[in-house]
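Chain residues, written in single-letter form:
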Amino acid sequence: MANRINLDMTTVKNRELRLGTIIGWDGSAKELIEQSAYDERSVKKHGGCAGAGQGCRLCELQSPLNQTTMCSNAIVQCQIGNLTDCVLIDHAPIGCSSENAKFNLSMHVGLARRGKPQQNTLNMSTNLQEKDMVFGGSAKLRQAIRIAKERYNPKAIFISMACATAITGEDIDSVAEELEPEVGVPVIPLHCEGFRSKHWSTGFDVAFHGVLRQIVERHPTKKQKDLINIVALWGTDWFTDLLKPLGLRVNYLLDCASYEEIRQASEAVATTTFCETLGGYMGAALEDQFGVPQIDAPQPYGIKGTDAWLRAIAKVVGKEKEAEAFIESEHQRIAPQLEAYREYFKGKYGMVLTGSAYAHGLISVLAELGIKNEAALVFHHDPIYDGAGKNQDTLKELVETYGDIPHYTVSKTRAFQLPQLLKRAKTDFLIIRHPGLASVAGHLGVPTFALGDEHIPVGYDGILRVGEILKGVLARTKFNKTLQRHVRLPYNDWWFNQDDPFILTKDKSVFVDIEKKLEEVKF
């Protein structure tokens, strides 16, 4: 693996520079695989891509509009802000902390799903005012660090950068270095200002980078041969039952984790994840810098993916016989119910709208249920992943196993494109990760599964869980059709009549007409 992760630096290289991330593309899944040229990592030019570790320079569609998106700062808040015994100080105006109420709810839900005691998030804000933007806010930051130590006595204190503090040049690194000896715990700067990257997924890397630099044990004196790291979000702990036959305990990173759980990550026997988009950076760094192998296997979705994932883990821990016995028994156990679901879903079409690698896993589950996919939307596309494992190209794995997707769209959570996406492909329901999009889809007459628990589709039982939920979703079809007739979305007839979700990007003359119409409006 190319060593691209430098833990000596406090900053993280953006995904668009490190991995070639794009946020605008439209075509078939096969076409995107060809343009990404994932397997071409040599210095030989191919399809617009250059050598190892440089990513692929795909031509992306530049949208003039942006809706319902997030930023790296918000992602850091939902990751670091959900640690159980560490404080996150958002060095920013108070508005940048507006989502903390939502993340506090997520933490309560996540703790319940993991069987951990309930608590609130340990988040603070320096509440910077206009005068702080002019004269500097370092004094407030020092005060906040001291208050955090006195009030919460945390195991670590994190400082997150925001757009305002990046613009004014706040030196959070120096303040962290200055105050750390005084408070006696790691003080960790996180450079996650919103404009740092065009896609919020860089925020995951920033969060992982911080804990890798200053919390994970650099030189562990012991190895826990029964401990495996799972890089995951707040989802239910289905992994423990899935890995128990291999004699493994799960160490969840990063949401709802404690300082000690993070520290011991370097003592684990391996690292894996429910989504390569989320966990690739953490897994690659633990392998490269700490000697903890990253499991190089397809994601644990669908029968083939779950089989390969378990076998890869079993090979690392020397439990191949146990894995084969478990796989065979699981195939037999789920077969009758799976066949019943396949009969029920005959002739049904679904569409997935989530993060990229996670979407590939979900589509695999739908294929196992006998549900067809003519279209999908992913929120960004990484031509390569940090680990550079041969099985990490999740899109290629999906297409080779289950077939092409004719309409494969890359676009951040832009609700205004949904009418066109739904018009050009058959679909009986949607699976959406972000609830803001789900309500729009519901108003367009399509029943929607708003996937709040990220781990529902994982493993053999995950296929059955999704099947049962989708039966209930399809039962709401009449309700959504009735809703469509009585609710008007804030788009005009001209936009509803368009067939191309990227017409605003491709046809610049549209804006000339819009400007003329605006000039005619009297305010």
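What counts, and where the lines are drawn
Residues numbered from 1 in each chain as written. Predicted model: local features only at pLDDT ≥ 70, side-chain atom pairs only at ≥ 80, totals over all residues. Heavy atoms only, no water. Helix = DSSP H or I, 4+ residues; strand = E, 2+ residues; numbered from the N terminus. Core = buried A, V, L, I, M, F, W, Y, C linked by side-chain atoms within 4.5 Å. Buried < 20%, exposed > 50% of the residue type's maximum accessible area, 1.4 Å probe, protein only. Domains from an automatic or database assignment. Contact = heavy atoms within 4.5 Å. Buried area = accessible area lost by both parts, 1.4 Å probe. Salt bridge = Lys/Arg side-chain N within 4 Å of Asp/Glu carboxyl O. Polar contact = N/O pair within 3.5 Å; in protein donor to acceptor, adjacent residues only side chain to side chain. Nonpolar A, V, L, I, M, F, W, Y, C, P; charged D, E, K, R; others polar. Lys, Arg positive; Asp, Glu negative; His and termini not counted. Expected span 1.5 Å × (residues − 1). Arc of directions from axis to C-beta. Axes fitted to C-alpha atoms, helices over the stretch in contact; angles between N-to-C directions. Parallel < 35°, antiparallel > 145°, perpendicular 65-115°, else oblique.

Asker: Would you explain the environment of His 219 in this entry?
Answerer: Relative to the helices and strands, His 219 is located in the loop between helix H9 (202–214) and strand E6 (227–232). For the pair formed by His 219 and Phe 290, sequence separation is 71 residues and the distance between their alpha carbons is 7.8 Å.

Asker: Is there a simple way to explain the nonpolar core in this structure?
Answerer: Burial of nonpolar side chains together is a common tendency in soluble globular proteins. Counting 139 residues, the largest nonpolar core has Ile 80, Phe 158, Leu 212, Leu 243, Phe 274, Leu 369 and Leu 470 as the members making the most contacts within it. Domain assignment of the residues forming this core places at least three in each of domain 1 (72–194) and domain 2 (227–316). Ile 80 has contacts with Leu 88, Phe 158, Leu 190, Ala 207, Val 211 and Leu 254, leaving out every residue within four places of it along the chain. Membership of the second largest hydrophobic core comes to 18 residues, among which are Ala 144, Ile 159, Val 175 and Val 187.

Asker: Looking at this structure, how should I read the domain arrangement of the protein?
Answerer: Accessible area lost when the parts come together is the quantity often used to give the size of an interface. For the protein, the domain assignment lists domain 1 (72–194) and domain 2 (227–316). The straight-line distance from the C-alpha centre of domain 1 to that of domain 2 is 27 Å. Across the boundary between the two partners, domain 1 contributes 18 residues, which contact 14 residues of domain 2. Where domain 1 abuts domain 2, roughly 1,400 Å² becomes buried across the two surfaces, and 54% of that area is made up of carbon and sulfur atoms. Taken as a group, Gln 79, Arg 113 and Arg 114 account for 45% of the area that domain 1 buries against domain 2, more than any other trio of residues on that side. Seen at the junction of domain 1 and domain 2, the total is 1 salt bridge. A salt bridge links Lys 116 to Glu 261; the nearest nitrogen and oxygen atoms lie 2.9 Å apart. At the boundary of domain 1 and domain 2, one finds 10 residue pairs in polar contact (both at pLDDT 80 or more). Mapped by element, the contributors of at least two residues to the side of domain 1 that touches domain 2 are helix H3 (72–79) and helix H4 (100–114). When residues in the side of domain 1 that touches domain 2 are grouped by element, the largest group, 6 residues, is from H4. Residues belonging to the side of domain 1 that touches domain 2 are distributed by class as follows: 8 nonpolar, 5 polar and 5 charged.

Asker: Sorry, what's going on with the side chain of Ser 266 here?
Answerer: Looking at where Ser 266 falls in the secondary structure, it is placed in the loop between helix H11 (259–263) and strand E8 (270–273). Of the polar contacts made by the side chain of Ser 266, one reaches the backbone oxygen of Glu 217; its length is 2.7 Å. Each residue touching Ser 266, except ones within four places of it in the same chain, is listed here: Val 216, Glu 217, Pro 220, Lys 223, Phe 290 and Val 292.

Asker: What is the right way to look at the environment of Gln 143 in this model?
Answerer: Note that Gln 143 resides in helix H6 (residues 138–152). Its relative accessible area of 47% is what places Gln 143 among the partly exposed residues. Placed 17 residues apart in sequence, Gln 143 and Thr 126 show a C-alpha to C-alpha distance of 8.6 Å.

Asker: Would you mind going over the side chain of Arg 414 with me for this structure?
Answerer: Relative to the elements of secondary structure, Arg 414 occurs in the loop between strand E11 (407–411) and helix H17 (418–423). Buried and without a salt bridge, Arg 414 has Glu 60 as its closest oppositely charged side chain, separated by 8.0 Å. A distance of 3.1 Å separates the side chain of Arg 414 from the side chain of Ser 411, its partner in a polar contact.

Asker: Mind showing me how you'd approach helix H8 (residues 172–183) here?
Answerer: Residue pairs three or four apart in sequence face the same way in an α-helix, which turns once every 3.6 residues. Spanning 12 residues, H8 covers 16 Å between terminal C-alpha atoms, matching the ideal 16 Å at 1.5 Å per step. By the burial criterion, the buried members of H8 are Ile 172, Val 175, Ala 176, Leu 179 and Val 183. With its buried residues spanning 95° around the axis, H8 presents them on a single face. Those residues of H8 that are exposed and angled more than 90 degrees off the buried face are Glu 177 and Pro 181. Taken together, the buried residues of H8 touch strand E2 (86–91), H6, strand E4 (156–161) and strand E5 (187–190). Where H8 terminates, the next one or two residues include Gly 184, which has phi positive at roughly 75°.

Asker: Whenever I open this one, the packing of helix H15 (residues 356–368) against helix H19 (residues 459–474) confuses me. Can you help?
Answerer: For any two helices packed against each other, the geometry is given by the interaxial angle and the distance between the axes. Look at H15 against H19: their axes get within 10 Å of each other, and the N-to-C directions meet at 75°. The pairing of H15 with H19 is recorded here as roughly perpendicular in orientation. Along its contact with H15, which presents Val 365, Leu 366 and Glu 368, the element H19 presents Gly 462, Ile 463, Val 466 and Leu 470.

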